[in-house]
Amino acid sequence: MTALICGSLAYDNIMVFKGRFKDEILPDQVHILNVAFLVPEMRRDFGGCAGNIAYNLHLLGGRALPMGTVGDDFEPYRQRLTRLGMPQDYIKPVADTLTAQAYITTDLDDNQITAFHPGAMDSAHGQSLPDIDISLGMVSPDGRAGMLQHAAEFAQRNIPFIFDPGQGLPMFDGPELLAFIDKASYVAVNDYESSLIAERTGLSIQDLAQRVEAFIVTRGAQGSHIYCDGGVLEIPTVKPAAVVDPTGCGDAYRGGLLYGLLQGYDWATTGRIAALAGSIKVEHPGTQNHSYSPAEFFARFVQEFGYRP
């Protein structure tokens, strides 16, 4: 059982400003803004939605095939995937480009200023789905043309897939979003994204959920809702041992969704696997710095929920 995960592979450059943006930016001077922030702390993490989701599915023991386009600077990421034993067959280099990168500066109030360079990600449409047996697909944030193409290819081959628009959602209007949803078997969004989709399509979440097998809405510390079979399942959150960094929690949740679907679990169990995967991620900095074996994960699952899937 194999999941092909289409989306970005990126470097996340995280910097911490030991002050507050509000003390450095003068509201009446924003039209001539010219500021510099000293950031004594900086780390570079491996990220990107396809990379993060595939990493979490891999931890759970699922077969994850990330698919995306990368630049000339991808070698350190490639070496890491090799060490992890993760397939790289469908990671395509694009010459004379950089791998997608985010530069995120956070201040002491947890405000963030982010700059994102898509780089090779914008060439995602240059790669079609491979001619292999794919049990389940995912269309996650990527280049606009690539997302449109890969959704169409999954639908043409009758491969069930999750539509996970994430940060790419603003690139699409209402009719385009409806076209994605009608091709997909499942939709996974957070509560803000669900509201934006409803606004752009003019349809309620309940109406949208009728167009797919399941419409999943994550709600942070309030857990998640899975609209399926004409009703709504409320999936409880799992309280993390410590709240270290929520970045990448949604991708970890989606890795859990893929695992549950590949295993044929019911939605109540699949949602709880996803919730626990997200909670464990919150306990660690970055998006791929947590680690566990499937046995360790399911021992904690039994501890949290009282049963073994």
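Draft legend 1. Molecular detail of the packing of aromatic side chains. With the rule as written, the count across this model stands at 18 aromatic pairs. Ring geometry for Tyr 259 against Phe 298: centres 5.9 Å apart, planes inclined by 40 degrees, an arrangement best described as tilted. Note that Tyr 259 is positioned in helix H8 (residues 249-263) and Phe 298 in helix H10 (residues 294-305), a separation of 39 residues in sequence. Classification of Phe 298 by relative accessible area gives buried; the value is 4%. For the pair Phe 298 and Phe 301, a centre-to-centre distance of 6.2 Å together with 55 degrees between the ring planes defines the contact as tilted. Here Phe 298 and its partner Phe 301 are both found in helix H10, three residues apart, which amounts to about one turn of the helix. Each member of the pair, Phe 298 as well as Phe 301, carries the same accessibility label: buried. One aromatic cluster is present, built from ring pairs that chain together Tyr 259, Tyr 265, Tyr 292, Phe 297, Phe 298, Phe 301, Phe 305 and Tyr 307. Seen from the ring of Phe 298, Arg 308 lies directly overhead, with NZ or CZ sitting 4.1 Å from the centre.

Draft legend 2. Up close: the side chain of Gln 288. Locating Gln 288 in the fold gives a position in the loop between helix H9 (267-282) and H10. Gln 288 sits in the buried class, given a relative accessible area of 3%. A polar contact of 3.0 Å, which involves the side chain of Gln 288, links it to the side chain of Tyr 77. Every residue in contact with Gln 288, bar those within four places of it in the chain, is listed here: Phe 46, Gly 47, Gly 51, Asn 52, Tyr 55, Tyr 77 and Arg 80.

Draft legend 3. A look at unusual backbone geometry. Located in the positive-phi region is Asn 158, a residue other than glycine, with phi close to 55 degrees. Note that Asn 158 resides in the loop between helix H4 (144-156) and strand E9 (161-163). We note that Asp 229 has phi near 55 degrees; this positive angle belongs to a residue other than glycine. If you trace the backbone, Asp 229 turns up in the loop between strand E12 (224-228) and strand E13 (231-235).

Draft legend 4. Geometry of the packing of H8 against H9. At a minimum axis separation of 7 Å, H8 and H9 run at an interaxial angle of 150 degrees. Relative to H9, the crossing made by H8 is right-handed. Between H8 and H9, the contacting residues are Cys 249, Ala 252, Tyr 253, Gly 256, Leu 257, Tyr 259, Gly 260 and Leu 261 on the first element and Trp 267, Thr 270, Gly 271, Ile 273, Ala 274, Ala 275, Ala 277, Gly 278, Lys 281 and Val 282 on the second. Looking at the contact of H8 with H9, its residues break down into 12 nonpolar, five polar and one charged.

Draft legend 5. Structural detail: the nonpolar core. Membership of the largest hydrophobic core comes to 46 residues, with the highest contact counts inside it found for Ile 5, Ile 216, Leu 258, Trp 267 and Phe 297. Among the nonpolar cores identified, the runner-up in size contains 33 residues, and Phe 154, Leu 177, Ile 181 and Leu 208 belong to it.

Draft legend 6. Expanded view of H10. With 12 residues, H10 should cover 16 Å at 1.5 Å per step; its first-to-last C-alpha distance of 16 Å lies within 8% of that length. Burial in H10 covers these residues: Phe 297, Phe 298, Arg 300 and Phe 301. Angular distribution of buried residues about the axis of H10 spans 155 degrees; they occupy a single face of the element. Facing away from the buried side of H10 by more than 90 degrees, the exposed set consists of Ala 295 and Gln 303. Of the surrounding secondary structure, the elements contacted by the buried residues of H10 are helix H2 (49-60), H8 and H9. Following H10 by one or two positions, Gly 306 adopts a phi angle in the positive range, close to 85 degrees.

About the thresholds
- Each chain carries its own residue numbering, running from 1 in the written order of its sequence.
- Where local features are concerned, this predicted model is filtered to residues with pLDDT of at least 70; where side-chain atom pairs are given and counted, the filter is 80 or more; whole-chain, interface and lining totals use all residues.
- Hydrogens and waters are ignored; side-chain quantities use all the structure's heavy atoms.
- Here a pair means two rings of Phe, Tyr or Trp (six-membered ring of Trp) with centres within 6.5 Å. Their orientation is stacked below 30 degrees between planes, edge-to-face above 60, and tilted elsewhere.
- Helix numbers and strand numbers start at the N terminus; a helix is a DSSP run of H or I with at least 4 residues, a strand a run of E with at least 2.
- Under the scheme applied here, a residue whose accessible area is under 20% of the maximum for its type counts as buried, over 50% as exposed, and between as partly exposed, the area being computed with a 1.4 Å probe on protein chains only.
- Charges are assigned to positions over rings by a cutoff of 6 Å between ring centre and Lys NZ or Arg CZ, combined with an angular limit of 35 degrees from the ring normal.
- Side-chain atoms alone can form a polar contact between residues adjacent in sequence; in general such a contact is a pair of N or O atoms within 3.5 Å, and within protein one must be able to donate a hydrogen while the other accepts it.
- Here, residues are in contact when the closest pair of their heavy atoms is within 4.5 Å.
- Every axis in this analysis is a line fitted to C-alpha atoms, fitted for helices over the stretch in contact. Angles between the N-to-C directions lie between 0 and 180 degrees.
- A crossing counts as left-handed when the near helix is turned anticlockwise from the far one by less than a right angle, and as right-handed when that turn is clockwise.
- Just so you know the grouping, Ala, Val, Leu, Ile, Met, Phe, Trp, Tyr, Cys and Pro go in nonpolar, Asp, Glu, Lys and Arg go in charged, and all remaining residues, Gly too, go in polar.
- Side-chain atoms within 4.5 Å are what join buried Ala, Val, Leu, Ile, Met, Phe, Trp, Tyr and Cys residues into a set we call a nonpolar core.
- Here the expected length of a helix is defined as 1.5 Å per residue gap, with one fewer gap than residues.
- Directions drawn from the helix axis to the C-beta atoms are what define this arc.

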